[in-house]
Amino acid sequence: MTGCEEPDRTVFSPKGEAGEGSLDVIMLSIYIMTFVVAVVLAIFIYVLIRYRQKPGDNSIPKQVEGSMKLEMLWTVIPIILLAILAVPTLTHTFSLAEEAPKDEDPLRVKVTAHQYWWEFEYPDLGIKTAQQLHIPTDEKVYLELTSDDVIHAFWVPELAGKQDLNPGSTNKMWIDADEPGTYEGRCAELCGAGHALMNFQVVAQEKEDFDKWVEKRKNPSSEPKTAEQKAGKEVFTQNCMSCHAIDGTQMKTKGEKAPNLTGFAERNKIAGLLENNDENLEKWMKHPEQVKPGTYMPSFDFLSDEDMDNLKAYLQSLE
Ligand code: CUA
């Protein structure tokens, strides 16, 4: 889960145009900083050697007070360097916030951050999901980012970011991926106890796979088939549906208190964090506070083993 375990998941291996633009700006600033450090070090070393105290020479050197020429020099040079850095930085930043073109039917996603989970809504497709943002490859996806509570920041090192999500206002940013894959995302703004674990994934798919996913989300298989799953749905109705919605069922919530669980079985992570398997699912439902400190998900350790097994069977049947 840390950068150390995933050495390739960095801004230095961008997988899209937005990420490449950010890397260009990062590299330019590194070159400029390296140049400044090299020049300052060279002058420093030269002065140390050239003006060192020589044996037998105790004379006071010429005292200089103020130098218009030097003052100008070390004011103007940084201004020029900052200007060189500012132009591509501003150009890139503003280009990422560009409006979705009206004529081309672009893919728009409303991203809402919550303590400590992510909600993704596709307003033009009528889909709502959580924790995993699906996007088609080779296409700009226009994000509208806001927050339900405190300030969070959207960051997918290989694709784009960081962009703040502020309560009460909307920031815009587009992202794109040029290779299919699952890209790790992080919240990049300290937002409370669960901040470090407010992870999400961006799943980039070829256009046709993405369209298939959209169709599936529009027509989710949410009805239980086995007796176990049916009993699990009962447990869900009694315990979970006041916060979690599942599309294609009667389970709709009014507010957005918790992640929409439609298609839960397809997600590769639970709570954006744990590998999606039965063992982790039980761990999460029994002791969510141990997995993600600060989470609003209550503990369901009071469920009987049978209820827990049925509930897991139901959740893992949601496709
Ligand atoms: Cu959300 Cu940090």
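Described in the following lines is the structure provided in the data block. (Residues numbered from 1 in each chain as written. Predicted model: local features only at pLDDT ≥ 70, side-chain atom pairs only at ≥ 80, totals over all residues. Heavy atoms only, no water.)

**Let's talk about the packing of helix α4 (residues 227–239) against helix α7 (residues 305–315)**
Packing of α4 against α7 brings their axes to within 7 Å, and their N-to-C directions diverge by 100°. The pairing of α4 with α7 is recorded here as roughly perpendicular in orientation. The segment α4 lies against α7, with Glu228, Gln229, Ala231, Gly232, Lys233, Val235 and Phe236 engaging Asp307, Asp309, Asn310, Leu311, Ala313, Tyr314 and Leu315. Its residues placed into classes, the contact of α4 with α7 shows seven nonpolar, three polar and four charged. (Axes fitted to C-alpha atoms, helices over the stretch in contact; angles between N-to-C directions. Helix = DSSP H or I, 4+ residues; strand = E, 2+ residues; numbered from the N terminus. Parallel < 35°, antiparallel > 145°, perpendicular 65-115°, else oblique. Contact = heavy atoms within 4.5 Å. Nonpolar A, V, L, I, M, F, W, Y, C, P; charged D, E, K, R; others polar.)

**A few points about the layout of surface pockets**
Here the largest pocket defines a volume of roughly 780 Å³. Broken down by secondary-structure element, the contributors of at least two residues to the lining of the largest pocket are α1 (17–50) and α2 (68–96). The element best represented in the lining of the largest pocket is α1, accounting for seven residues. Of the residues in the lining of the largest pocket, the class split is 15 nonpolar, three polar and four charged. Of the volumes computed, that of the second largest pocket is approximately 470 Å³. (1 Å grid on protein atoms, 1.4 Å probe; cavity = no way out; pocket = protein on both sides within 12 Å on 5 of 7 lines; lining within 4 Å. Points joined across faces, edges and corners; volume = space filled by probe spheres on them.)

**Considerations on the sheet that holds strand β1 (residues 107–114)**
Reading across from one edge, β3-β2-β1-β5-β8 is the order of the five strands in this open sheet, with mixed pairing throughout. Each of the sheet's edge strands pairs with one partner strand only, and the pair in question is β3 (127–130) and β8 (171–175). The mean angle between the axes of side-by-side strands here comes to 25°, regardless of whether they run parallel or antiparallel. (Pairing = 2+ DSSP bridges.)

**Quick word on the nonpolar core**
Core analysis: the largest hydrophobic core is formed by 37 residues, its most contacted members being Trp118, Leu133, Leu143 and Phe154. Cys240, Leu261, Ala271 and Phe300 belong to the second largest nonpolar core, which has 23 residues in total. (Core = buried A, V, L, I, M, F, W, Y, C linked by side-chain atoms within 4.5 Å. Buried < 20%, exposed > 50% of the residue type's maximum accessible area, 1.4 Å probe, protein only.)

**Some points on the sheet that holds strand β7 (residues 160–165)**
Strand order in the open sheet formed by five strands is β4-β10-β9-β6-β7, with mixed pairing between adjacent strands. If you trace the sheet from one side to the other, it starts and ends with β4 (132–136) and β7, each paired once. Strand-to-strand, the axes of this sheet are offset by a mean angle of 20°, without reference to chain direction. The strands that helix α3 (residues 207–218) touches are β4 and β10 (200–205); relative to β4, the one it contacts most, it runs at about 130°.

**A few points about the packing of α1 against α2**
At a closest axis distance of 10 Å, the pairing of α1 and α2 adopts a crossing angle of 170°. With respect to α2, the element α1 is oriented roughly antiparallel. Seen from α1, the contacting residues are Ala18, Gly21, Ser22, Val25, Leu28, Ser29, Ile32 and Val36; seen from α2, they are Leu81, Ile84, Leu85, Pro88, Thr89, His92 and Leu96. For the contact of α1 with α2, the class distribution of residues is 10 nonpolar, five polar and no charged.

**Some remarks on the pattern of salt bridges**
Under the criterion given, the structure shown has 17 salt bridges. Residues glutamate 184 and arginine 186 are paired through a salt bridge, measuring 2.9 Å at the closest nitrogen-oxygen approach. Given the relative accessible area of 9%, glutamate 184 is considered buried. On the basis of relative accessibility, which here comes to 18%, the residue arginine 186 falls in the buried class. The shortest N-O distance in the salt bridge between lysine 286 and glutamate 282 comes to 2.8 Å. On the criterion of helical spacing, the pair formed by lysine 286 and glutamate 282 is a turn pair, its members being four residues apart in helix α5 (residues 278–286). (Salt bridge = Lys/Arg side-chain N within 4 Å of Asp/Glu carboxyl O.)

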